[in-house]
Amino acid sequence: MKYVLRWIYFKGILIIVLVGYTSGAFGQENNQQSTFALAAPVVYVDSLLFTKQALLSFTEGEKGSVLHYQLADDKPRTANHKKPIEIKTTSTLKVWSTHPYYQTSDTTTLKLTKANSLLSDAKISIEPEPKAAYRGNKEASLKDLIKGTTNFRTGNDWLGFQTTEVNFTINLKEPTTLYLVSLGVLRDYGSWVFLPKQITVESNKKIIGQVNIQIPKEGEKTASTFLHVPIKKGTYKELQIQINTLPTIPQWHLGQGTIPWLFIDELLIN
Amino acid sequence: MQRRSFIKKTSVASVGLVSLPLFAQARTNENGIVGHGDFKYKVNVNWGALNSQYYPVNDCHEMVMDKKGRLYLLTNNTKNNVLVYNKDGDLLNAWGTQYPGAHGLTLHDENGTEYLYISDNNRHEVIKTTLDGKVIQVYSCPLESEKYESKSSFIPTETAIASNGDVYIADGYGAQYITHYNAKGELLNIFGGKGSQMHHFDNAHGICIDTRNGKPPTLLITARQQNKLKRFSMAGELISTIDLPGAYICRPVIHNENVYLASIWSHDGSPDTGFICVLDKNDQLVSAPGGCVPKYTDGKLGNMYQTLSIFKHPHDVCVDEDENLYVPQWNSGKTYPIKLTRV
């Protein structure tokens, strides 16, 4: 409760009164900023993987909020939820919202990837099989050029594994010059889904590329993203991709000691 | 007269006695008020906070209120599966160490005596108890229905109890059947199940009995992953569906002419995106605290999404006689229930 002195004239007489009032919601003054933040903006995109162009649109969000976006090296701009944005090249897009009362939202980061169709005629074998609940469209899911969202529970985008090693063997229709392999993966610690620990690419039983992924830290956000493995530039017809997960979920997590889930939705080669 | 409407009417009368400019600055503005239309609320995140060293929680799954106004919170922490609060958020009692999968909590008044029904998805059972935790009856996997091969494939999430004592159990994390027993515990019917037809379920997470508007009782059952509420006859026949796109609804809770639901996720099902739903007597979404403004176009609700980060994973809504809401949350950092005070 707070108090202020106020005065009014009543029939020519000045009356001074002590007025008590309570503060607004959340135990704060209404004109101060809330302890709550805006939710991260919802962005609709026809596909995070595209061959010609991607069209992005935004939701309106909380009343009074302002949408902002920034493309990799460009300056921040104000977005309008009624005007979609067109993207024609591989881009990283950041979107956030501000409001005079609520805290600024978290930033939604989207990686839009212009993809090719080099794998469309390839045969991909998967060992072991994904878990029964998350088989997607098996091999087809890996080369359909549709990036799965963070909602892995619905649709046929994601293949889910709970094992320490997954192997893909790719047989291309024709020998092709390559320098990069990319793997679409999911990170969702709340659902016990972790990125792999290491990805190794071989051809003719020789390692041509390998990356180690940093150890997961508590608080890292859920994301549908890509892991890129640069490979020795050359002409290849067959590739073996070995994906090793963490042996167990880290100590800081509720599921410590058990094998994490691995979710993969897409394979790309360049 | 309910206290909320009494306060509202007496406040209007009081304001009429004084000069308006004097009190204008004491009014609450729209900032910090959540919800829409006539269903707006102030948020108190600290309402149910306790010393977690003594009264820890893991997931806070559901809450109910007894006729004395005591609020029962169900958590899957086996140090104290049930925490009993008064409406000020003071702890009155704590009990329960035998419910590792404590998930669903339903209160039923049986001839003047109230009982709790705990759906335990780890024990694969529903346990009927007194309000202080004495076990009265246990419902296990309905193997006699020949729909289940093993006890462990039965993973109940919620119950609804009819006025005649019939018990309906939703197997929301298991085979998606709704099992119907009489008051003696004898199996009468089983319906639903997994599948692609409209009478099937994908995550039959919650169930309640709808007797609003003087109509014969029907069952309202959530199909959470389908973003739908499905209305069935008490005999298990599908009557209609209510589409709530973008709302991953946990269980329906009926209070007066409204249906309240916690949506654990929103939009595309991303984590930490929950909000609350309030439906009117025609089952139209009229308020979404924490979510966007509900908009209907040609009778169809637009896709719902979170606009304010108040909730992470709200799992249930308990409504008191003043239409304040108490919201327990799943997987939200072991936090205690949030109170929304209606304004």
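Residues numbered from 1 in each chain as written. Chains lettered and ligands numbered in written order. Predicted model: local features only at pLDDT ≥ 70, side-chain atom pairs only at ≥ 80, totals over all residues. Heavy atoms only, no water.

**Some points on the side chain of B:Thr179**
Take B:Thr179: it is sitting in strand S13 (residues 177–181). Classification of B:Thr179 as buried rests on a relative accessible area of 0%. (Helix = DSSP H or I, 4+ residues; strand = E, 2+ residues; numbered from the N terminus. Buried < 20%, exposed > 50% of the residue type's maximum accessible area, 1.4 Å probe, protein only.)

**Quick word on the nonpolar core**
Residue and element names in this part refer to chain A. Membership of the largest hydrophobic core comes to 32 residues, with the highest contact counts inside it found for Phe-168 and Leu-267. Counting residues per element, the ones that place at least two in this core are strand S11 (123–127), strand S12 (159–161), strand S13 (165–187), strand S14 (198–203), strand S15 (206–212), strand S16 (223–244) and strand S17 (262–269). For Leu-267, the residues in contact, after removing those within four places along its chain, are Leu-119, Ile-124, Leu-142, Phe-168, Ile-170, Val-181, Ser-182, Leu-183 and Ile-241. (Core = buried A, V, L, I, M, F, W, Y, C linked by side-chain atoms within 4.5 Å. Contact = heavy atoms within 4.5 Å.)

**With respect to empty space enclosed by the protein**
All names here are of chain A. Throughout the structure, instances matching the rule amount to 2 cavities of 30 Å³ or more. Approximately 100 Å³ is the volume found for the largest cavity. Residue lining of the largest cavity: 15 residues in total, with Ala-39, Pro-41, Gly-61, Glu-62 and Ser-97 positioned closest to the centre. Split by residue class, the lining of the largest cavity holds 7 nonpolar, 6 polar and 2 charged. There is about 30 Å³ of room inside the second largest cavity. Where the lining of the second largest cavity is concerned, the elements lending two or more residues are strand S10 (108–114) and S17. Classifying every residue of the lining of the second largest cavity gives 3 nonpolar, 3 polar and 1 charged. (1 Å grid on protein atoms, 1.4 Å probe; cavity = no way out; pocket = protein on both sides within 12 Å on 5 of 7 lines; lining within 4 Å. Points joined across faces, edges and corners; volume = space filled by probe spheres on them. Nonpolar A, V, L, I, M, F, W, Y, C, P; charged D, E, K, R; others polar.)

**A word on the domain arrangement of chain A**
Residues and elements named next belong to chain A. Each domain of chain A was delimited in the assignment, giving domain 1 (43–114) and domain 2 (123–269). Placing a centre on the C-alpha atoms of domain 1 and another on those of domain 2 gives a separation of 27 Å. Facing the 8 residues of domain 1 at the interface are 8 residues of domain 2. Taking both sides of the interface into account, the surface hidden between domain 1 and domain 2 amounts to around 590 Å²; carbon and sulfur atoms contribute 67%. On the domain 1 side of the contact with domain 2, Leu-48, Leu-49 and Lys-111 bury the most area, a combined 63% of that side's loss. Joining domain 1 to domain 2, the criterion identifies 1 salt bridge. Of the charged contacts in the structure, one is a salt bridge between Asp-106 and Lys-221, with a shortest N-O distance of 3.6 Å. Seen at the junction of domain 1 and domain 2, the total is 0 residue pairs in polar contact (both at pLDDT 80 or more). (Domains from an automatic or database assignment. Buried area = accessible area lost by both parts, 1.4 Å probe. Salt bridge = Lys/Arg side-chain N within 4 Å of Asp/Glu carboxyl O. Polar contact = N/O pair within 3.5 Å; in protein donor to acceptor, adjacent residues only side chain to side chain.)

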